[in-house]
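# Survey of secondary and tertiary structure
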Amino acid sequence: MSSRHLTGVALAVTVAAVAASVTGASGAVAAPGGNTALEAAEQAGAASTGDDLGLPADQSLTVRSVVTDRDGTRHVRYDRTVDGLPVVGGDLVVAKSTNGTVKNSHWNRGKAVAPASTKARVGKAAASATAAKAAGYRVDSSAAALVVYASSGTPRLAWQVTTTGIRASQTPSRLKTWVDARTGKVIDSAETIQEGTGNTQYSGTVTLNTIGTAPNFQLKDALGNFTVDLLGGTGGPGPLFTDADNIWGTSAQGLTGAARQTAAADAQWGAQETYDYYNTVLGRKGIWNTGVGAPSRVHYSDKYPNAFWDGAQMTYGDGLNNLRPLTSVDVAGHEMSHGVTENTANLNYRGESGGLNEATSDIFGTAVEFFANTPADVPDYLIGEKINLNGDGKPLRYMDNPSKDGRSANCWSRTVGRLDVHYSSGPLNHWFFMVSEGSGIKTVNGVGYNSPTCLGAPAVTGVGHAVAEKVWYRTLTTKLTSSSGYAAARNGAIASAKELYGKNSANCLAVQAAFTAIAVPAGTQTCAN
């Protein structure tokens, strides 16, 4: 388990408390990206489990996920098939002891899910046309497969048609429609992307992707990004935020009434935008690269002045006087990017590698802020400028001139690795700014910056934050290892820039010049070789 914080403030809980916060009250530890070894082992024994449960011979089990308790109990979630056809509504969870014995089970529907017939009278094209007409918008894509529909009523053979497009509200749609394969009539449909409105504290009024229907909308999207309320506690998963009208928060933080939803709206927006940034810009399907979103937990403890990533989820305190939760979009991007680092280079959280780890989260937190680009939170190169953590209106860190905070290093030196990782991150943050915008005095989006070079290095001409982001992501995912420091970062970034943009390209030369400008000595890689 790992724990990554936004600031250098010590996490005010014990290791056991952090473990409890990850595992929840039951002691279960989820593997959001899927524990392939456990799942493979359970899948190998799925037939035996089916026998233990007394399933008919025509049914088979497919493992969807495995959650393991501290005592070794495994909660295995299964999907079912009948004669090879997926059963919609046939899922179940089986709790097993360490020796594989079934302790108990929870069924969405009982054992009898076989339809009267598994021969379709209605073809795929006809079912797809019916579903497209029912969708009510221009369908961009459509996919259909035969299933057994058993969510309600008598189990029957159906075409499950998934249509995608854009609704009149400009909200994307991913609509599942079940068409009876014998009669051609629509049985049911479900929109997996719900349009909600979030009145956030930091990003203004935004559109949140939610699920459910009135009066029980859930602050969860189809990818699995969801937000829960810790109710001022430090452990347990906490209840999922729900709402009757799909309007979340009041734009002002509070601990009572609708204002309690405000921090949740910010956190959910941050998770949504971070996933979309990685997926859209960098081609990574979330933290685990599996297409699965991540949980967020708000209202942690009392006046807690921090946020952290613990290996499975983001957790946010309510900050100053419980009125400044640490849920701004750059902080959300920062925390989730710790998860990306953990699942790629897994940079050790100490020494120079720890500084690179922290800077990586600052870089991609900033990138997410640029991606979200809301009028209420105009993109900048300041970290945590919205949350007023110290009560003085100042940001936590300055990427153009890191030493402006009084603690961070602007330049690399042989002793930089001795600093706290939040301050040894300074040189790489400085590099990112100069690759993006260049050195010297400038104004970006109304914010003034002054970025000096180190040791009399030549001025740097910026080539845009999009270039810096792509170069650093490639470096993180293909070049760095757990103990990499600034020398490896320089070599890796120059190599990545050449691979992305070519030898002696302006982009590569900016990457190289910016490392020189933060005083990292030349290594084996140059833009020319």
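Thresholds applied
Residues numbered from 1 in each chain as written. Predicted model: local features only at pLDDT ≥ 70, side-chain atom pairs only at ≥ 80, totals over all residues. Heavy atoms only, no water. Phe/Tyr/Trp six-rings, centres within 6.5 Å; stacked < 30°, edge-to-face > 60°. Buried < 20%, exposed > 50% of the residue type's maximum accessible area, 1.4 Å probe, protein only. Helix = DSSP H or I, 4+ residues; strand = E, 2+ residues; numbered from the N terminus. Lys NZ or Arg CZ within 6 Å of the ring centre and 35° of its normal. Core = buried A, V, L, I, M, F, W, Y, C linked by side-chain atoms within 4.5 Å. Contact = heavy atoms within 4.5 Å. Disulfide = S-S within 2.5 Å. Salt bridge = Lys/Arg side-chain N within 4 Å of Asp/Glu carboxyl O.

## Notes on the packing of aromatic side chains
Under the defined criterion, the tally for this structure stands at 18 aromatic pairs. Aromatic side chains Y300 and F308 sit 5.2 Å apart centroid to centroid with 85° between the ring planes, which places their arrangement in the edge-to-face category. The buried category is assigned to Y300, whose relative accessible area is 0%. For the ring pair F364 and Y473, a centre distance of 6.3 Å and an interplane angle of 80° mean the geometry is edge-to-face. Of this pair, F364 sits in helix α7 (residues 351-372) while Y473 is found in helix α10 (residues 465-478), placing the two residues 109 residues apart along the sequence. Accessibility expressed as a relative area gives 12% for Y473, which makes it buried. A network of ring pairs unites the aromatic residues Y277, Y278, F364, F371 and Y473 as a single cluster. The cationic tip of K220 hangs over the ring face of F226; the distance from NZ or CZ to the ring centre is 5.6 Å.

## Some remarks on the nonpolar core
As a rule of thumb, nonpolar side chains are buried together in soluble globular proteins. Counting residues in each nonpolar core, the largest one holds 81 residues, and the members touching the most others are F364, L428, W431, V511 and F515. Among all residues touching V511, those that are not within four sequence positions of it are W431, V435, V471, A493, I494 and A497. Membership of the second largest hydrophobic core comes to 14 residues, among which are A127, A131, V148 and A150.

## Let's talk about the state of the cysteines
The full count for this structure, using the stated rule, is 2 disulfides. Two residues, C411 and C454, share a disulfide whose sulfurs are 1.9 Å apart. Measuring the twist about the S-S bond at about -85°, one finds the C411-C454 disulfide to be left-handed. Separated by 43 residues along the polypeptide, C411 in the loop between β22 (397-398) and α8 (421-424) and C454 in the loop between β24 (447-451) and α10 bring together distant segments of the chain. We classify C454 as buried; its relative accessible area is 4%. Each sulfur of the disulfide joining C508 and C527 lies 2.2 Å from the other.

## Notes on the pattern of salt bridges
A complete count under the given rule lists 10 salt bridges for this structure. In this structure, R260 and D229 form a salt bridge, with 2.6 Å as the shortest nitrogen-oxygen distance. Here R260 is found in helix α5 (residues 260-281), whereas its partner D229 is found in strand β15 (residues 226-229), with 31 residues between them in sequence. Side by side, R260 and D229 carry an identical accessibility label, which is buried. Here R474 and E499 are joined by a salt bridge, their closest N and O atoms 2.6 Å apart. Placement of the pair is R474 in helix α10 and E499 in helix α11 (residues 486-501), with a sequence separation of 25 residues. Judged by relative accessible area, R474 falls into the partly exposed class, the value being 29%. The network of salt bridges with shared partners includes E42, R74 and K96.

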